[in-house]
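The chain contents come next:
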Amino acid sequence: MSVEQTEKKSFHLTCLSGFVLKIIAIVTMTFDHIGYLISAFISQYPGDAASYVSDALRLVGRIALPLFCLLIVEGVMHTHSMKKYVLRLASIAFIILIAQIVMEFGMHYSLYQGNIFIDLTLGALMIYALKQKNRWIKLLAILPLLYGIISFVLFGYECSTDNAVMVWWLPYFLRPQYFFLSFLFMLGFYFSYAIINSYYRSRQQEVGIDLEFIQTTSQYRLAVNVTMVAFLAVITIGLYLLCAYVIPSEYVFFDNAYQSYALIAGAFILLYSGKRGYNAKWFEYGCYLYYPLHLVVLYAIFYLITL
């Protein structure tokens, strides 16, 4: 089958822009946080109606992380200013960090979770390091992954002691929220491009296909998407098996079965067009500010409801 024929067949599959994926990620993330607050403020007993609603919303929320990880990889690969891109991510990470410190030591209320913008900031730096030609700079990409593994171990240790022991030399608010999982997703999505590019380079030598032309086709896009979904499945299932059969249960500090629902995000990744879509400045900066602002608003709403 020729490239043109395959292009016609695959065109209709790659129909979701980065803008649409970002909206889906934001909405599902918001559902997740509403579900968490329902369980924290309203649901008192497993099996009651509020608990079922909370569980359903949190399951839907598992879609968000893989989509955000994909968007970070795309952002690093296409940004015109890496410095400004990382600075925006780091600024929100800092705002969340200050809020967590105030809640922990000022209000004596512990959220006991990492900072998702630490995941995103370090992940962006990791992908940027991998893009460099210098092999020593490339090696720096291992540092965020090691940091995520250390965070995972510390959370597990604290959980095993029923939080009676807290490791304050690396407090929870300085750790990635998704430990090494978010970094593995980003690595998988980034290397999906490398794998498909390598395949088409070999075909270029064999049949004279121009790689630059292929990269503009939806045939190429679909091949990358399928590889990304494969990485998503391997990483998600691998984490599930690791926590279910290798790590003792007292060291597993999250609902392992919940996290496996991240596989649903593969359906949206498969449809990704590779195009940015709508990206006005107000929307771009609004997405960064939405995370801390919506948490404040949701927390205030649930707090008032339960007074």
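Before reading on, note that the structure itself is shown above.
Calculation criteria
Residues numbered from 1 in each chain as written. Predicted model: local features only at pLDDT ≥ 70, side-chain atom pairs only at ≥ 80, totals over all residues. Heavy atoms only, no water. 1 Å grid on protein atoms, 1.4 Å probe; cavity = no way out; pocket = protein on both sides within 12 Å on 5 of 7 lines; lining within 4 Å. Points joined across faces, edges and corners; volume = space filled by probe spheres on them. Helix = DSSP H or I, 4+ residues; strand = E, 2+ residues; numbered from the N terminus. Nonpolar A, V, L, I, M, F, W, Y, C, P; charged D, E, K, R; others polar. Salt bridge = Lys/Arg side-chain N within 4 Å of Asp/Glu carboxyl O. Buried < 20%, exposed > 50% of the residue type's maximum accessible area, 1.4 Å probe, protein only. Expected span 1.5 Å × (residues − 1). Axes fitted to C-alpha atoms, helices over the stretch in contact; angles between N-to-C directions. Parallel < 35°, antiparallel > 145°, perpendicular 65-115°, else oblique. Contact = heavy atoms within 4.5 Å.

## Some words on the layout of surface pockets
- Computed from the structure, the largest pocket encloses a volume of approximately 1200 Å³.
- Tyr36, Arg58, Leu111, Gln113 and Gln177 are the residues nearest the centre of the largest pocket, which is lined by 41 residues in total.
- Broken down by element, the lining of the largest pocket gets its largest block of residues, six residues, from helix α14 (residues 281-305).
- Classifying every residue of the lining of the largest pocket by side-chain character gives 24 nonpolar, 12 polar and five charged.
- If you add up the space inside the second largest pocket, you get close to 960 Å³.
- What lines the second largest pocket is a set of 42 residues, and nearest its centre among them are Lys22, Leu71, Gly75, Tyr85 and Tyr288.
- The element best represented in the lining of the second largest pocket is helix α4 (residues 64-78), accounting for eight residues.
- Residues that form the lining of the second largest pocket fall into these classes: 21 nonpolar, 11 polar and 10 charged.

## A look at the pattern of salt bridges
- Applying the stated rule across the entire model yields five salt bridges.
- Note that arginine 62 is salt-bridged to aspartate 32, the shortest N-O span being 2.5 Å. On the criterion of sequence distance, the pair formed by arginine 62 in the loop between α3 (49-61) and α4 and aspartate 32 in helix α2 (residues 18-42) is long-range, its members being 30 residues apart.
- A relative accessible area of 5% places aspartate 32 in the buried class.
- One salt bridge connects glutamate 284 with lysine 281, and the closest N-O pair in it is separated by 3.7 Å. With a gap of three residues between them, glutamate 284 and lysine 281 both fall in helix α14, about one helical turn apart.
- Since its relative accessible area comes to 12%, glutamate 284 is described here as buried.

## Re helix α8 (residues 142-160)
- Over its 19 residues, α8 runs 27 Å from end to end, which matches the ideal 27 Å to within 8%, given 1.5 Å per residue.
- Those residues of α8 lying buried are Pro144, Leu145, Gly148, Ser151, Phe152, Leu154, Phe155, Gly156 and Glu158.
- Remark: aspartate 162 follows α8 within two positions and exhibits a positive phi of approximately 55 degrees.

## So, the packing of α4 against helix α5 (residues 82-106)
- For the pair α4 and α5, the least separation of the axes is 9 Å and the interaxial angle reads 150 degrees. Judged by the angle between their axes, α4 and α5 are roughly antiparallel. Contacts between α4 and α5 pair Leu71, Ile72, Gly75 and Val76 from the former with Met82, Tyr85 and Leu89 from the latter.
- Of the residues belonging to the contact of α4 with α5, the class tally is six nonpolar, one polar and no charged.

## Some remarks on the environment of lysine 131
- For lysine 131, the position within the fold is in helix α6 (residues 116-131).
- Given a relative accessible area of 38%, lysine 131 falls into the partly exposed group.
- Distance in space between the C-alpha atoms of lysine 131 and leucine 181 is 20 Å, their sequence separation being 50 residues.
- Setting aside residues no more than four positions away along its own chain, lysine 131 makes contact with Val76, Met77, Lys138 and Tyr190.

## Some points on unusual backbone geometry
- Positive phi outside glycine occurs at histidine 108, with the angle close to 55 degrees.
- Looking at the element boundaries, histidine 108 is found in the loop between α5 and α6.
- Positive phi, normally seen in glycine, also occurs at phenylalanine 179, with a value near 45 degrees.

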